[in-house]
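Observations on the model geometry
Spelled out, the chains give:
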Amino acid sequence: MKIELIPAIDLIDGKCVRLTKGDYSRKTVYNEDPVSVALEFKRHGFNRLHVVDLDGAKSKHVVNDKVLRDIYEATHMKIDFGGGIKTDEDIEKAFAAGAQMVTVGSIAVTNPELFSKWIKKYGSERMILGADVRNGKISINGWREDSTEDLIPFLRKYIEQGVTHVLCTEISKDGTLEGPAIDLYKEVMATYPQLHLIASGGVSSAEDIIQLQEAGIPAVVFGKAWYEGRINLSQLAAHAIVPSTPHTFTPSPLAKRIIPCLDVKDGETVKGVNFVNLRSAGDPVELGKAYSEAGADELVFLDITATHEGRKTFTEMVTRVAREINIPFTVGGGIGSIEDVDRLLSAGADKVSINSAAIRHPELINEITRKYGSQVCVCAIDARQDVDGWHCYVRGGRERVELGLFDWAREAQDRGAGEILFTSMDHDGVKQGYANEALARLSEELNIPIIASGGAGNIEHFRDAFTLGKADAALAASVFHFGEIGIPQLKDYLHSEGINVRR
């Protein structure tokens, strides 16, 4: 059996680094441009990478998905990505950015029910179980805590659920160049010979890789030894070990998301037509809870109250909603500074949606993503198709700006926005379907998820947004608020149409 060679790129502050024994204070920066590192690996014949978001591991959410996207777009290598994966959203961010597999460690220890759900939802072929070992126990949260889990029984419970890929790191060896923990890996393979075990930690030379192959270890991750010029590819080639990936992989499409949107004014949900003629639609906390229980994939709440006192009321409502739901929660409206973002995230929001402020101060996108990661920043764009093309509007659709929809969407992506929420003002509230032609162009030109908004009137409109518009998610308001379409009914229909939705 030939051993699979997997070079690693570890990321901190967007730079290629290595730690010693997982200690963030013992960091070496090897290159400030991870893309150039990945291209060098590809030039040498490698076609798989192990990318680790060390910022994400520390902050407990994915941070470096933009760097992942840049690496994938430059190389189109097979990438497995780990670090900070705590939610479905983190996984889908990684997949959307180019990862074909994700490595999950801490959640498999702290929330086994959630990891089991992911195995079923995404498929075991896309999941790598991270088993980081220190003193015989599984370590979690960026190697800063040791659990009570012993390695062998820890692996057993997930192998029984279909897991076949395991990345095992002996922390005491990692970054030391003292040689891998071959006896540990041999014990794992002797117990579970069916595993595609990836050995990690301590590789110092080509001789170490040769020993791992002779011991029957299927794969090895290495980083520091390569960066310090210790791995001789000619020596490996003499043992018929070459950079290659023996396993093929075809990713399945990500599930499309259904997102109810609640416009909130003075503590009440309202809805209008073409951004005007508002009418009451109910209590936002009760609606949010009902949508969560009905199977909505996410919620979006938009504050359309202009007064300072109204902002305080809305923030209190965000806290109340967050206590009642268990799905991702995006909040927008009136966000003009990083302090506003801090306030809403502290109140319980998972993401923020920025619109007018992003156009007036585009650097706000950079600030949010730099502090919280791309997955937190949704750039909302209200646009209308005028005689001279699609143009952006601000101030609740009352003011046109000389900025084209597609140019602005590309800039928002380049600045780090994690998603685009596109609302066609001409379609909003009229229930004649989404702006599918514009949606399709956005989806084709951008690499981040596109959320369709404005125009849902029947279940076929959602189908068209996903098929014709190529959207990643569809947002709607009145058809949900007034009971015209039920979310379970909608998902059953979309599933029957061959569209991948969570059910």
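Our structure's up above, just so we're on the same page.
Residues numbered from 1 in each chain as written. Predicted model: local features only at pLDDT ≥ 70, side-chain atom pairs only at ≥ 80, totals over all residues. Heavy atoms only, no water.

1. Some details on the side chain of Asp 80
Selection criterion: Runs of H or I in DSSP of at least four residues are treated as helices and runs of E of at least two as strands, each being numbered from the N terminus. Burial status follows relative accessibility: with a 1.4 Å probe on protein chains alone, a residue under 20% of its type maximum counts as buried, one over 50% as exposed, and anything between as partly exposed. A contact between two residues is defined here by any heavy atoms of the two lying within 4.5 Å.
One can find Asp 80 in strand S5 (residues 78-82). With relative accessibility at 2%, the residue Asp 80 sits in the buried group. Contact partners of Asp 80, with chain neighbours within four places excluded, come to Ile 6, Arg 48, Leu 49, His 50, Val 51, Met 101, Thr 103 and Ile 128.

2. What about the pattern of salt bridges?
The line we're drawing: The term salt bridge refers to a pairing of a side-chain nitrogen on Lys or Arg with a carboxyl oxygen on Asp or Glu at a separation within 4 Å.
Counted by the stated rule, this structure contains 37 salt bridges. Taking the shortest distance from any N to any O, the salt bridge between Arg 48 and Glu 4 comes out at 3.0 Å. Highlighted residues: Arg 48 in strand S4 (residues 48-53) and Glu 4 in strand S1 (residues 4-12), separated in sequence by 44 residues. In this structure, Arg 48 and Glu 4 share a single accessibility class: buried. For the salt bridge of Lys 157 with Glu 149, the shortest nitrogen-to-oxygen distance reads 3.0 Å.

3. Regarding the packing of helix H19 (residues 459-467) against helix H21 (residues 487-496)
Convention followed: Interaxial angle, 0 to 180 degrees, is taken between N-to-C directions of lines fitted to C-alpha atoms, where a helix line uses only the stretch in contact. Under this scheme an angle from 65 to 115 degrees is roughly perpendicular, one under 35 degrees roughly parallel, and one over 145 degrees roughly antiparallel; angles in between are oblique. Left-handed describes a crossing in which the near helix is turned anticlockwise from the far one by less than a right angle; the clockwise case is right-handed.
The contact between H19 and H21 brings their axes to 10 Å, and the two run at 50°. The orientation of H19 relative to H21 falls into the category oblique. Seen from above, H19 lies across H21 with right-handed handedness. Between H19, through Ile 459, Glu 460, Phe 462, Arg 463 and Phe 466, and H21, the contact on the second element is made entirely by Gln 489, Leu 490, Tyr 493 and Leu 494.

4. Notes on the packing of aromatic side chains
As a reminder, the rule being used: Pairing of aromatic rings covers Phe, Tyr and the six-membered ring of Trp, with a centre-to-centre limit of 6.5 Å; geometry is then stacked below 30 degrees between planes, edge-to-face above 60, and tilted otherwise. Whether a charge sits over a ring depends on NZ of Lys or CZ of Arg being within 6 Å of the ring centre and within 35 degrees of the ring normal.
Following the criterion strictly, the structure yields 15 aromatic pairs and no others. With centroids separated by 6.0 Å and ring planes inclined at 75°, the aromatic side chains of Tyr 434 and Phe 462 adopt a geometry described as edge-to-face. Of this pair, Tyr 434 sits in the loop between strand S22 (419-424) and helix H18 (436-445) while Phe 462 sits in helix H19, placing them 28 residues apart in sequence. As far as the burial class goes, Tyr 434 and Phe 462 line up, both buried. Each residue in the set Tyr 30, Phe 41, Phe 46, Phe 222, Trp 226 and Tyr 227 is aromatic and connected to the rest through ring pairs, giving one cluster. Between Arg 441 and the ring centre of Phe 406, over which it is positioned, the NZ or CZ distance is 3.8 Å.

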